Amino acid sequence: MCGIIAISSDKQVAAALLAALKQLEYRGYDSAGLATLEKNKIHTARAQGKLAALEQKLKTRAPPGSTGIGHTRWATHGRPSEQNAHPVIAEVGGKSENAVAVVHNGIIENHAKLKQELARQNLAFHTDTDTEVIAQLTSLNLAAGLPPLEAVTETLKRLEGAFALAFLFSRDDTVIGARRGSPLAVGQSDNTLALGSDVLALAPIARQIAYLEEGDIVVLSGDTPRLFNAAGENIQPQWKAISPSSLQIGKGQYQHFMQKEIYEQPAVVGETLDSFLDPARLRASFPEFPFDTGSLRKVLLSACGTAYYATVAAQYWIEGVAGLPCSAEIASELRYRDPALGGTDLAVFVSQSGETMDTLEAARMVARAGVSRLAVVNQGESTLARECEMSLLTRAGAEIGVASTKAFTTQLALLGCFALELARAGGVSDERLRAYGSALMELPSRLYEALTLDERVSAIAADISRARHALYLGRGAMYPLALEGALKLKEISYIHAEGYPGGEMKHGPLALVDDEMPVIVLAPSGPLFGKIASNAEEVMARGGRVLLISDAEGLASFGGEPEWVLEMPSCDVFVQPILYALPVQLLAYYAACHRGTDVDQPRNLAKSVTVE
Ligand code: G6P
């Protein structure tokens, strides 16, 4: 979603702002722009569409100045257009000393009311954005004689909703940043101060960064940033050095980030297991929990998107292996429900970014019910990680493709270990635990083997890419994988797809079966193989086109002749949901490649959904 950058340095900044915006591209956006300050004049450049369009404009006229702000916009209020692109400028009374430029990530929920109020003061609006009220209010405050910091502080008091903001002023070589609800970090290196939505944007500019806390305001001017907390007190930034790994975000030999990230899975799943599994004892190994795992009565798992499907798979493990009642809930639904929760329950929130607004709000709602919260995140400094009583880090590294792949499998690996920890605390025998632990230990090798199916999957995907609809079937812990497979296909190839539990076919989806719609059946050998195999047979008996994804044992015992088969490596039933993520990811990836879509930045989607 919207990305923010601001730089104050001793050199011309337009090129550096553009370079930082490129680092933020992965978040998803539909227009972009920047504003710079030179001799008390704000210069802007904005363009609809990809950054290439903005870059083109900068070639003919790069806005001058050594201080500036930049933005990639993911439209919420007002369609994507040059007019609605940020920075949004206001200049009350047409007086240049009142001019202010604003970039914003988030939603101002009371913007309509504020707009009416400002319109009554004869202020003209030039965009359809909610952001413009912020610029107008601030300009009004400047016109009333307030200096920039007070003008911003007064504006913020009027805003409802979530935001990260950066302001640039014509009267003063100062940038002000503010955070409430959406992430923002400040960075610094020699002669340069900067603000950015994430570490990726700041990595090329800053040597150290500090994340703003809720309600913080930061002023960039002079040699060091001045930081104020929600109470207006001057506080010290908690600087952290930027690790070299945060700079490693190239595609390397791969065509797309998504492809690279699919291929990284054996390594990053291995690293995640290294953190949470003791190889000698084949037992889960966690830092001390701030709650008693042995006396938990119920586990509530919650997340959005692909992370939600990881929680659905984990639900099977926590119930099946640890024997604890467990439910997986979509965070955007959970936050508006009134779930029956008690002090002996644990809520686990799973999020790659740790910044997904609905997940954060669900976690805050659960906190009000007095329930212990555990965050499973890929960003250790994220808001979710900082707000929950405990956070555990998946070791996926930077995930750039909007469609999540390695974050999903590392979440599963971590949640698998966590299920074993709960099982141990619940008295499950060492022998059983060792069997599960050993299945997890072998998983990275199985993932490597599964990647050798690449070419075969690409060939099948060429056929499937011509379909308009597709169905994914699974049973048991393969059902969430069917959901994830369908999500992957629709989000990057734009083929409509649905995931279904195989047993539900007779209750509706069988009516869809024809000789055009591929039905992808996730059917590893195991206790439910006979059931899902029958579902595949029923599809084929009605002229349906089946892709059967199974292992040697499953394929040998399957009676019919599916149109396509994929033979997966064999593995323990416990880790099947992790292993079977690979073929569904590869299938979606190659289907998208065959269709020529924008694999890493699918239309209308954002990597981190920081608004509701
Ligand atoms: C967006 C992304 C998905 C991701 C979901 C949840 O929809 O495109 O890839 O699974 O958000 O994100 P989170 O950061 O909370 O895991």
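Each chain has its residues counted from 1, following the order in which its sequence is written. The model is predicted, so local features are restricted to residues of pLDDT at least 70 and side-chain atom pairs to those at 80 or more, both for listing and for counting; the totals for chains, interfaces and linings are taken over all residues. Hydrogens and water are ignored here; the side-chain numbers use all heavy atoms of the structure.

Draft legend 1. Structural view of the overall build of the protein. Secondary structure elements follow DSSP: runs of H or I no shorter than four residues count as helices, runs of E no shorter than two count as strands, and numbering proceeds from the N terminus. The helix and strand inventory of the protein stands at 20 helices and 27 strands. The atom set for the radius of gyration is the C-alpha atoms, and the globule formula is 2.2 Å times the number of residues raised to the power 0.38. Expected size for 612 residues packed as a compact globule is a radius of gyration near 25 Å; at 26 Å, the protein falls within 12% of this value. For the protein, the spread of C-alpha atoms along the three principal axes comes to 80 × 50 × 45 Å. Relative accessibility decides the category of a residue: with a 1.4 Å probe and only protein chains considered, values under 20% of the type maximum give buried, values over 50% give exposed, and everything between is partly exposed. Classification of the 612 residues of the protein by burial places 61% in the buried group. Whether two residues touch is decided by their heavy atoms; if any such pair falls within 4.5 Å, the residues are in contact. Counted over contacts in the protein with a minimum sequence separation of 6, partners at least 24 positions apart contribute 70%. Reported accessibility uses the Shrake-Rupley method at a 1.4 Å probe radius. Residues are deemed covered only where the shown protein chains occlude them. Entry remark: accessible area of the protein is about 22900 Å², with carbon and sulfur atoms responsible for 47%. Positive and negative side-chain charges in the protein, numbering 55 and 70 respectively, have mean positions lying 4 Å apart. None of His or the chain ends enter the tally, which takes Lys and Arg as positive and Asp and Glu as negative. Charge placement uses NZ in Lys and CZ in Arg. For Asp and Glu, CG and CD serve respectively.

Draft legend 2. The site of the ligand, seen in detail. Residues are classed as near a molecule or strand on a simple rule: at least one heavy atom within 4 Å of it. What surrounds the ligand is the set Cys304, Thr306, Ala307, Ser351, Gln352, Ser353, Thr356, Val402, Ser404, Ala606, Lys607 and Val609. Throughout this description, a polar contact denotes any pair of N or O atoms lying within 3.5 Å of each other; where both atoms belong to protein, one of them has to be capable of donating a hydrogen while the other can accept it, and for residues adjacent in sequence the pair is counted only when both atoms sit in side chains. At 3.1 Å, a backbone N or O of Thr306 approaches an oxygen atom of the ligand. For this classification, Asp, Glu, Lys and Arg are treated as charged, while Ala, Val, Leu, Ile, Met, Phe, Trp, Tyr, Cys and Pro are nonpolar and the rest, including Gly, are polar. Residues that form the shell around the ligand fall into these classes: 5 nonpolar, 6 polar and 1 charged. Formed jointly, the shell around the ligand draws a minimum of three residues from each of two domains, domain 2 (250-451) and domain 3 (452-612). For the domain bounds, the source is a domain assignment made automatically or taken from a database.

Draft legend 3. Structural view of helix H17 (residues 529-541). Taking 1.5 Å of rise per residue, 13 residues should cover 18 Å, and H17 covers 18 Å from first to last C-alpha, within 8% of that figure. Among the residues making up H17, those that are buried are Phe529, Ile532, Ala533, Asn535, Ala536, Glu538, Val539 and Met540. In this structure, the buried residues of H17 make contact with strand S23 (469-474), strand S25 (518-522), strand S26 (545-551) and helix H18 (552-557). Directly after H17, the chain includes Gly543, whose backbone phi takes a positive value near 80 degrees. To estimate the expected span of a helix, count its residues, drop one, and scale the result by 1.5 Å.

Draft legend 4. Inspection of the environment of Arg432 at higher detail. Topologically, Arg432 is positioned in helix H14 (residues 430-451). Spatially, the C-alpha atoms of Arg432 and Val321 are 9.1 Å apart, while their sequence positions differ by 111 residues. Residue contacts for Arg432: discarding those within four places in its chain leaves Gly320 and Val321. Looking at Arg432, its side chain comes within polar contact range of the side chain of Tyr436, at 2.7 Å.

Draft legend 5. Summary view of the sheet that holds strand S3 (residues 41-48). Judged by pairing direction, the sheet is antiparallel, and its 8 strands sit side by side in the order S3-S2-S4-S1-S10-S9-S11-S15 without closing on themselves. Of all strands in the sheet, those bounded by a partner on one side alone are S3 and strand S15 (240-241). Paired strands are those between which DSSP finds at least two bridges. Of the pairings in the sheet, the one linking strand S1 (residues 3-8) to strand S10 (residues 192-196) comprises 4 bridges and is antiparallel in character. Along S10, the bridge assignment pairs Ile5 with Gly196. Interaxial angle, 0 to 180 degrees, is taken between N-to-C directions of lines fitted to C-alpha atoms, where a helix line uses only the stretch in contact. Contacting strand S2 (31-38), S3 and strand S4 (67-73), helix H2 (residues 51-60) crosses the sheet at an angle of about 135 degrees to S3.

Draft legend 6. Focus on the domain arrangement of the protein. What the domain assignment reports for the protein is domain 1 (3-246), domain 2 (250-451) and domain 3 (452-612). Facing 48 residues of domain 2, the contacting portion of domain 3 comprises 43 residues. Regarding the contact of domain 2 and domain 3, the summed buried area is about 3800 Å², with carbon and sulfur atoms giving 68% of it. Salt-bridge detection follows one rule: a side-chain nitrogen of Lys or Arg within 4 Å of a carboxyl oxygen of Asp or Glu. Along the contact surface separating domain 2 from domain 3 lie 2 salt bridges. Arg335 serves as the salt-bridge partner of Glu612, at 3.4 Å between the closest nitrogen and oxygen. Applying the counting criterion to the domain 2 and domain 3 interface returns 25 residue pairs in polar contact (both at pLDDT 80 or more). Elements with a minimum of two residues in the side of domain 2 that touches domain 3: helix H7 (257-263), helix H9 (305-320), helix H11 (357-368), helix H13 (406-425) and H14. Looking at which element gives the most residues to the side of domain 2 that touches domain 3, the answer is H14, with 10 residues. Of the residues belonging to the side of domain 2 that touches domain 3, the class tally is 27 nonpolar, 14 polar and 7 charged. Two parts lose some accessible area (1.4 Å probe) when they are put together, and adding that loss for both gives the buried area.

Draft legend 7. The sheet that holds strand S20 (residues 345-351), seen in detail. Strand order in the open sheet formed by 5 strands is S19-S18-S20-S21-S22, with parallel pairing between adjacent strands. Two strands close off the open sheet at either side, each with one partner strand: strand S19 (326-330) and strand S22 (390-393). Recorded for the sheet is a direction-independent mean angle of 20 degrees between the axes of neighbouring strands. Sheet analysis places S20 next to strand S21 (residues 372-377), joined by 6 bridges and oriented parallel. Its bridge partner being in S21, Ala347 is matched across the sheet by Arg373. Across the sheet, H9 touches strand S18 (298-303), S19 and S20, and the angle it forms with S19 is around 170 degrees.

Draft legend 8. The arrangement of the nonpolar core in detail. We call a set of buried residues a nonpolar core when its members are Ala, Val, Leu, Ile, Met, Phe, Trp, Tyr or Cys and they connect through side-chain atoms within 4.5 Å of each other. If you look at the biggest cluster of nonpolar residues, it comprises 97 residues, and the most contacted ones within it are Phe286, Val348, Leu440, Tyr472, Ile520, Leu547 and Leu587. Per element, the largest residue contribution to this core is 11 residues, and it comes from H13. Taken domain by domain, this core gets at least three of its residues from each of domain 2 (250-451) and domain 3 (452-612). Residues in contact with Leu547, not counting those within four places in the same chain, are Ile460, Ile464, Val519, Ile520, Val521, Trp564, Val565, Leu566 and Leu587.

Draft legend 9. Highlighting the pattern of salt bridges. A full pass over the atoms with the stated rule returns 29 salt bridges. Its salt-bridge partner being Lys240, residue Glu381 comes within 3.0 Å of it at the nearest N-O pair. Note that Glu381 is positioned in the loop between S21 and helix H12 (383-387) and Lys240 in strand S15, a separation of 141 residues in sequence. On the accessibility criterion, Glu381 (28% relative accessible area) is partly exposed. Within the structure, one salt-bridge network assembled from shared partners comprises Lys260, Glu264 and Lys406.

Draft legend 10. Focus on the side chain of Ser302. Turning to its location among the elements, Ser302 is positioned in strand S18. On the basis of relative accessibility, which here comes to 0%, the residue Ser302 falls in the buried class.

Draft legend 11. Inspection of unusual backbone geometry at higher detail. Here the amide bond leading from His86 into Pro87 is cis, since omega sits at 0 degrees, within 30 degrees of zero. Although it is not a glycine, Asn40 adopts a positive phi angle of roughly 60 degrees. On the secondary structure map, Asn40 appears in the loop between S2 and S3. Positive phi, normally seen in glycine, also occurs at Tyr494, with a value near 65 degrees. By the element assignment, Tyr494 lies in the loop between helix H16 (479-493) and strand S24 (496-501).

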